[in-house]
Amino acid sequence: MSTLTFHHHFRQVTAMSPLQYPKWLRLNEARLLMLAKKQDATTAAFQVGYGALPNSAASTVECSVHRRSAISLTCGRWPRQL
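Residues numbered from 1 in each chain as written. Predicted model: local features only at pLDDT ≥ 70, side-chain atom pairs only at ≥ 80, totals over all residues. Heavy atoms only, no water.

1. Digging into the environment of Tyr21
Mapped onto the fold, Tyr21 is located in helix α2 (residues 20-36). Assessed through its relative accessible area of 28%, Tyr21 is described here as partly exposed. Spatially, the C-alpha atoms of Tyr21 and Phe10 are 9.6 Å apart, while their sequence positions differ by eleven residues. Contact partners of Tyr21, with chain neighbours within four places excluded, come to Phe10, Thr14 and Met16. (Helix = DSSP H or I, 4+ residues; strand = E, 2+ residues; numbered from the N terminus. Buried < 20%, exposed > 50% of the residue type's maximum accessible area, 1.4 Å probe, protein only. Contact = heavy atoms within 4.5 Å.)

2. Remarks on α2
For α2, built from 17 residues, the straight-helix expectation of 24 Å at 1.5 Å per residue is met to within 8% by its first-to-last C-alpha distance of 24 Å. By the burial criterion, the buried members of α2 are Leu27, Ala30, Leu33 and Met34. Summarising the axial view, the buried residues of α2 lie within an arc of 120°, below the 170-degree limit, and thus occupy one face. Of the residues flanking the end of α2, it is Lys38, one or two places downstream, whose phi is positive at about 50°. (Expected span 1.5 Å × (residues − 1). Arc of directions from axis to C-beta.)

3. A word on the side chain of Gln39
Note on placement: Gln39 falls in the loop between α2 and α3 (41-50). A relative accessible area of 13% places Gln39 in the buried class. A polar side-chain atom of Gln39 sits 3.3 Å from a polar atom in the side chain of Gln47. (Polar contact = N/O pair within 3.5 Å; in protein donor to acceptor, adjacent residues only side chain to side chain.)

This is how it looks when you write it as structure tokens:
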């Protein structure tokens with residue numbers, strides 16, 4: 001199978017490119033860690049394989065998780081419980 005054909009089939013099945021998929025998996029796992037274990041973005045990012053992150057990178061992970069879910073995160077703090 002050619003690279004182009006693989007990318008086409010992969011996108012049909014996953015609705016994302018092969019390069020986006022691993023990032024999506026990591027961000028989804030980080031989101032689950034942040035929700036289930038109430039971890040901050042830096043800890044969750046490190047646990048899913050992003051390595052040691054400076055604060056700006058942790059913020060990037062936090063924003064990416066927020067964009068892909070309905071989580072409301074502000075500066076690594078959890079929103080009030082309703």
